[in-house]
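# A look at the structure
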Amino acid sequence: MLTRILDQQDPEEDVGLRVSDQEEPSRDAGEGSGVTGLCIECGDTPSIQRCLQCQDEFCELCFSSLHRTGTRRSHQVQPFQASPKAPREDVVMKGEEAESKDVEVKRKRSLTGTSVFNKSLNKETNSSGAVMDSAWFEERSKYIPLRLELKERKLLRLLEASLNVSEYTDKVDVYSYESKTKRMVAQIRDICAILSGLVVASDYKEGQRLVQDRDFPENAEFFQTIFEIGRRYKIMNPARMRSAFGKLMYLLQDSAIPQVKDMLHFSCVKEITTVHAFLESTKALDMLEDDQINMATKEIIADGKSRSQIQSEIKQKERAIEYLSRRYSNDQVGSEELKVCLYSIGDNHSFLRTNRDPCDKMIHYLTTHFRPDYAEPLYDLSIMAGRGGARLTHSHQHQYQFVLQSLILWREIQYDMFKLWYLSEQDMLDEKNPYRLRNTGQGLNRVQPAPRVSKAMRQIVSKVQREIGHWVGSSVVHLGDDLVPSSFHFIDKYTQVPRILNPIVACLDRIDELVRNPELNSYLEETWGGADALRKEILADFFRYAFDGSGGANFFEAGSCIDGRLTSCWNWCSQIEKKPFFPVFLLTGFMGFDGEF
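### Comments concerning the environment of Q78
Tracing the backbone shows Q78 in strand β3 (residues 76–79). A relative accessible area of 6% places Q78 in the buried class. As a C-alpha pair, Q78 and Q49 span 29 residues in sequence and 5.8 Å in three-dimensional space.

### A look at the nonpolar core
Counting 141 residues, the largest nonpolar core has F227, M362, W410, M457, F542, F543 and F547 as the members making the most contacts within it. Counting residues per element, this core draws most heavily on helix α19 (residues 396–415), which supplies ten residues. Sequence-distant contacts of F543, that is, excluding residues within four places in its chain, are made with M362, L366, F370, L381, Q399, V403 and L407. C39, F58, C62 and F63 belong to the second-largest nonpolar core, a separate cluster that totals eight residues.

### A look at the side chain of T297
Looking at where T297 falls in the secondary structure, it is placed in helix α15 (residues 293–297). From its side chain, T297 meets the backbone oxygen of I293 in a polar contact 2.7 Å long. Look past the residues within four positions of T297 in its chain and what remains in contact with it is F137, K317, L342, I345, G346 and H349.

### What to know about unusual backbone geometry
One non-glycine residue, H265, adopts positive backbone phi at about 70 degrees. Looking at the secondary structure, you find H265 in the loop between α13 (258–264) and α14 (275–281). Unlike most non-glycine residues, K283 shows phi in positive territory, near 55 degrees. Turning to its location among the elements, K283 is positioned in the loop between α14 and α15.

### Points about the pairing of strand β6 (residues 444–447)
The sheet contact formed by strand β5 (residues 436–439) and β6 spans four bridges and is antiparallel. Bridge pairing in β6 places R436 opposite V447. A loop of four residues connects β5 with β6, the two strands running antiparallel in sequence, and G441 in this loop sits at a positive phi of about 95 degrees.

### Let's talk about the state of the cysteines
Evaluation of the coordinates by the stated rule reveals zero disulfides. No disulfide involves C192; its sulfur sits 5.3 Å from that of C268, the nearest cysteine. C192 gets classed as buried once you look at its relative accessible area, which sits at 0%. Take C573: it sits in no disulfide, and the sulfur closest to it among the cysteines is that of C569, at 6.0 Å. Given a relative accessible area of 9%, C573 falls into the buried group.

### Overview of the environment of I576
As for its position among the elements, I576 is in the loop between α26 (562–574) and α27 (582–587). Look at I576 and you get buried, because its relative accessible area is 1%. Residues I576 and F593 lie 17 residues apart in sequence; the distance between their C-alpha atoms is 9.8 Å. The residues contacting I576, other than those within four sequence positions of it, are F581, F582, F585 and F593.

### Brief notes about the environment of F490
Here F490 lies in helix α22 (residues 487–494). The sequence separation of F490 and G480 amounts to ten residues, and the corresponding C-alpha distance is 9.4 Å. Setting aside chain neighbours within four positions, we find F490 in contact with L420, V453, M457, L479, V484 and D563.

### Some details on the packing of aromatic side chains
Overall, the coordinates contain 18 aromatic pairs when judged by the stated rule. Between F222 and F223, the ring centres sit 5.4 Å apart and the planes meet at 70 degrees, which makes this aromatic pair edge-to-face. According to the relative accessible area criterion, F222 is buried, its value standing at 13%. The class for F223 is buried, based on a relative accessible area of 0%. In this structure an aromatic cluster arises from ring pairing among F370, W410, F542, F543, F547 and W572. When the ring centre of Y415 is taken as reference, the NZ or CZ atom of R140 above it lies at 4.5 Å.

### Here's the deal with a negative patch on the surface
Negative charge collects at one region of the surface, where E138, E280, D286 and E289 lie side by side. Topologically, E138 is positioned in helix α6 (residues 134–140).

### Considering the side chain of S406
On the secondary structure map, S406 appears in helix α19. When neighbours within four sequence positions are excluded, S406 is seen to be in contact with F547 and R565.

### Brief notes about the confidence of the model for the protein chain
A residue-level look at the protein chain finds 80% of positions with pLDDT of 70 or above and a mean pLDDT of 80. A low-confidence stretch, residues 1–35 (pLDDT under 50), is modelled with 57 contacts involving residues beyond four sequence positions or located in other chains. A low-confidence stretch, residues 82–128 (pLDDT under 50), is modelled with 75 contacts involving residues beyond four sequence positions or located in other chains.

What counts, and where the lines are drawn
- Position numbers for residues start from 1 in each chain and track the written sequence from start to end.
- Note on the predicted model: pLDDT of at least 70 is required for a residue's local features to be given, and 80 or more for side-chain atom pairs to be given and counted; whole-chain, interface and lining totals, by contrast, use all residues.
- Derived side-chain values reflect all non-hydrogen atoms in the structure, with water molecules and hydrogen atoms excluded from consideration.
- Each helix is a run of DSSP H or I of at least 4 residues and each strand a run of E of at least 2, with the numbering of both proceeding from the N terminus.
- Categorising residues by exposure relies on relative accessible area from a 1.4 Å probe, with only protein chains included: less than 20% of the type maximum marks a residue as buried, more than 50% marks it as exposed, and the intermediate range marks it as partly exposed.
- Buried residues of nine kinds, namely Ala, Val, Leu, Ile, Met, Phe, Trp, Tyr and Cys, make up a nonpolar core once their side-chain atoms join them within 4.5 Å.
- Note on definitions: a residue-residue contact is assigned when non-hydrogen atoms from the two residues lie within 4.5 Å.
- Polar contact is defined as a pair of N or O atoms within 3.5 Å, subject to the rule that within protein one atom must be able to donate a hydrogen and the other to accept it, and that residues adjacent in sequence are counted only when both atoms are side-chain atoms.
- Two strands qualify as a pair provided DSSP detects at least 2 bridges between them.
- Pairs of cysteine sulfur atoms within 2.5 Å are identified as disulfides in what follows.
- Stacked, tilted and edge-to-face pairs are distinguished by plane angle, under 30 degrees for stacked and over 60 for edge-to-face with tilted covering the rest, among Phe, Tyr and Trp rings (Trp via its six-membered ring) whose centres lie within 6.5 Å.
- Each ring is checked for a lysine NZ or an arginine CZ that lies within 6 Å of its centre and within 35 degrees of its normal; such an atom marks a charge sitting over the ring.
- Excluding any residue in a salt bridge, patches collect residues exceeding 30% relative accessible area, merging like charges within 9 Å and nonpolar Val, Leu, Ile, Met, Phe, Trp and Tyr side chains within 5 Å.
- Accessible areas in this description were obtained via Shrake-Rupley with a 1.4 Å probe; residue shielding takes into account the shown protein chains only.
- We define a salt bridge as a contact between a side-chain nitrogen of Lys or Arg and a carboxyl oxygen of Asp or Glu at a distance within 4 Å.
- The charge count includes Lys and Arg as positive and Asp and Glu as negative, but it does not include His or the ends of the chains.
- Charge placement uses NZ in Lys and CZ in Arg. For Asp and Glu, CG and CD serve respectively.
- The predictor reports its confidence for every residue as pLDDT, a score running from 0 up to 100.

Given below as structure tokens:
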């Protein structure tokens, strides 16, 4: 009985789960259509289980998500058949008994096998040195944007300049009696005119061709290309174009509206140029199956290596790039263009090291310095609602598990960030998926369902739940509601993860450098008891109060849901100046949680 009480969520979170399931606007096409053999929840996956109480058929993912908590845990289930017959006793099992046994097994595995789980993850996704098969490169390259060339970077500067002087959102996303469609068209034409003028200033011949007839539809390809360049650059550089990218996406979102498109007489949107799409169009896709591609795209890291070893690896990589670019060049693509593709895949590895590896390091710190089954007196991770601003009540064991699963979940999201970004753009720019301008409590926002991103996130959460075992807290993913209005806000939230973790990891790694200074070493010894004690104090504070469900504007926000975990982390970062160890952050070069450290 005690185990069940601890595993249950807060009443408010359980209500949020039911509301999300019933009122979530982001549903895939086909839901509720009654198509035989498809899951009643997602509508596009074959159903394999039938709930005898709900009288509905579900796929494995949807059934486990809806029947994990509350009264549905006791529902009976049987394998789904096309023509369901009366259930036999040998195939019907009690959901509550089966899940209770499964929870115990997974809890034991989670307490003893976290390091094994981490190794199994790293085996597939190591960004520096791991040998990937051709299937991995082919699938991964579908979402890797092609690196910008010099000419494209010049156009990018023009686009940024045009967006910086534009007041698109200030004039469109407001309540007005004037026709919104006309306002959208006028603002889009203004930005196109500004772009044309800037092109004249930078390249007179090209600009003269654009403005001689002032006919925007004839130059649709130019505007599509320059807008696509901005989107492609932002994916590879999340810290850039902070405000300009929002204007760009809202502009393209409005240009996809049928009425706006009819008045403009052209479309502003084209597909992102990915490595896979480029190689497929130039008939050079076989390059991804070559064994040398591992060496050609490998990221060379200097940590713990001698200069001669680094130089040797650089030469091996250069030889591999030259070999692949010459062997697979043809009449449609040259060797230099193939090199850009290889560099783009290498950029993906660099992205993973910068954005995903901080999660790995924090997981390592958690599993190394803390034990789930024993709480040291000074480093107890337990929290209680109402104390220190916490909204959750967790024992040391539950908080350890809560932090571990949150970090692993962030790690998986960062690994699939390019794919999520690709799906996010599809959701935003889909003309059959309109948005509503609504006051969400944080001003006027475009509230839009995100069925593709929502489905991908449910798959990621389900994968982590299966692997980690015992799940603590809510598994609700907010999308298309007041908390996360659209997929654009979702992407913006999770690009903050490396901005939060990188400065913390950098501080923890540089504490050993402070010890080399005698005066700073004496300060650490007198105040904290040494470098190890200081490092553990910072980690304990972070693991306690950065995952306590705080930071929401009211009691119903934040909490233990998927997005609330990140909200409480932001709240901890906003209070870093009040922490007793803040001077240590400053001594290690801390500049803030805004992308610099």
